[in-house]
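# Remarks on the overall topology
Spelled out from the first residue to the last, the chains are:
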Amino acid sequence: MRKPVIAGNWKMHMTCAEARSYMATFLPLIENTSDDRHLVIAPPFTAISTVAEIVRNTSLEISSQNVHWEDQGAYTAEVSPTMLLEHKVRYAIVGHSEPRKYFSESDEQINRRAISAQRHGLIPIVCVGETDEQRERGEAERVIRRQVEQGLEGTSCENLVVAYEPIWAIGTGKTCAATEANRICGLIRSWVGSSNLIIQYGGSVKPANIDELMAMSDIDGVLVGGASLDPDSFARIANYNII
Ligand code: 13P
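## Quick notes on the site of the ligand
Close to the ligand lie 13 residues; Lys-11, His-96, Gly-171, Ser-204 and Gly-226 are nearest. Gly-225 has a polar backbone atom sitting 2.9 Å from an oxygen atom of the ligand. In isolation the ligand has 310 Å² of accessible area, and contact with the protein removes 95% of it. For the shell around the ligand, the residue count by class is 4 nonpolar, 7 polar and 2 charged.

The following block contains the structure:
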């Protein structure tokens, strides 16, 4: 039985003061949320300790937005797994399309981050997904398969999440049709060969499409950007109903 993971990726949003105010609205809205799902928030590094302190006695778990493969060292601007564990961080997003695009993150680096996260007991959320040009050229499956195979090499299928985030659907309002997202998630599951693997969909997830997405057989959760910045929207997503 795969327990869905509903995660909000705040990206480069939320000061500590804004995070406090968000949680004051959000936490009461998830007080009665069923425990048949994991609820996760990924604040920017600067707000992690503030959010971790506020959610300490709740079911809400914390993710980082990246993690380095070394425990310490001369890696300016990076954050290590041990630093995250000190703040009770449970998940680490790796390979998001934004660092892939803006900082040329490679599949090899993403793989090292994922392996290190697992070695420290963090659950990596490994993001994969194609651009619209790749989709138009009929290359989507090949691109995603390469990202999956190289990104997950040497990782364990336990304590692992893969997020299928088609880049053309991120922040654009263009959601991938639920049936197509489900088809790709099913392909990823067959390539990895694990029926236990948790596979999320991400890309313009909102209150209006969450129920349809979560009713799909191979979609085990969502990774939400924009709609997770509004506590009412994200609470509606967290409280999805399985149709
Ligand atoms: P949006 O939900 O804003 O499309 O962002 C998706 C995403 O990138 C989550 O990691």
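## What about the side chain of Thr-155?
The residue Thr-155 is located in the loop between helix H7 (140-152) and strand E6 (161-164) in this model. Engagement of the side chain of Thr-155 in a polar contact is seen with the backbone oxygen of Leu-152, the distance being 2.6 Å.

## Some thoughts on the pattern of salt bridges
With the rule as written, the count across this model stands at 19 salt bridges. Of the charged contacts in the structure, one is a salt bridge between Arg-189 and Asp-218, with a shortest N-O distance of 2.7 Å. With Arg-189 in helix H8 (residues 178-192) and Asp-218 in the loop between helix H9 (207-214) and strand E8 (221-224), this pair connects stretches of sequence that are 29 residues apart. Owing to a relative accessible area of 19%, Asp-218 belongs among the buried residues under this scheme. A salt bridge links Asp-220 to Arg-189; the shortest N-O distance between them is 2.9 Å. With Asp-220 in the loop between H9 and E8 and Arg-189 in helix H8, this residue pair connects regions lying 31 residues apart in the sequence. Assessed through its relative accessible area of 4%, Asp-220 is described here as buried. Salt bridges linked by common partners bring Glu-130, Arg-135, Glu-141, Glu-180 and Arg-183 together as one network.

## Concerning the sheet that holds strand E3 (residues 60-64)
If you walk around this closed barrel you meet the 8 strands as E1-E2-E3-E4-E5-E6-E7-E8, and the pairing is parallel. Strand after strand, the sheet turns through a mean of 25° between neighbouring axes, direction not considered. The sheet contact formed by strand E2 (residues 38-42) and E3 spans 3 bridges and is parallel. By the bridge assignment, Ile-41 is partnered in E3 with Ile-62.

## A look at the packing of aromatic side chains
Inspection of every chain in the model, using the stated rule, returns 4 aromatic pairs. Between Trp-10 and Tyr-22, the aromatic rings sit 4.8 Å apart at their centres with planes inclined by 70°, giving edge-to-face as the arrangement. Taken together, the positions of Trp-10 in the loop between strand E1 (5-9) and helix H1 (16-29) and Tyr-22 in helix H1 put the pair 12 residues apart, joining distant regions of the chain. Per residue, the accessibility class of Trp-10 equals that of Tyr-22, and both read buried. Each residue in the set Trp-10, Tyr-22, Phe-26 and Phe-234 is aromatic and connected to the rest through ring pairs, giving one cluster. When the ring centre of Tyr-240 is taken as reference, the NZ or CZ atom of Arg-37 above it lies at 3.9 Å.

About the criteria used
- Residues numbered from 1 in each chain as written.
- Predicted model: local features only at pLDDT ≥ 70, side-chain atom pairs only at ≥ 80, totals over all residues.
- Heavy atoms only, no water.
- Near = heavy atom within 4 Å.
- Polar contact = N/O pair within 3.5 Å; in protein donor to acceptor, adjacent residues only side chain to side chain.
- Areas by Shrake-Rupley, 256 points an atom, 1.4 Å probe, with all protein chains shown as cover.
- Nonpolar A, V, L, I, M, F, W, Y, C, P; charged D, E, K, R; others polar.
- Helix = DSSP H or I, 4+ residues; strand = E, 2+ residues; numbered from the N terminus.
- Salt bridge = Lys/Arg side-chain N within 4 Å of Asp/Glu carboxyl O.
- Buried < 20%, exposed > 50% of the residue type's maximum accessible area, 1.4 Å probe, protein only.
- Pairing = 2+ DSSP bridges.
- Axes fitted to C-alpha atoms, helices over the stretch in contact; angles between N-to-C directions.
- Phe/Tyr/Trp six-rings, centres within 6.5 Å; stacked < 30°, edge-to-face > 60°.
- Lys NZ or Arg CZ within 6 Å of the ring centre and 35° of its normal.

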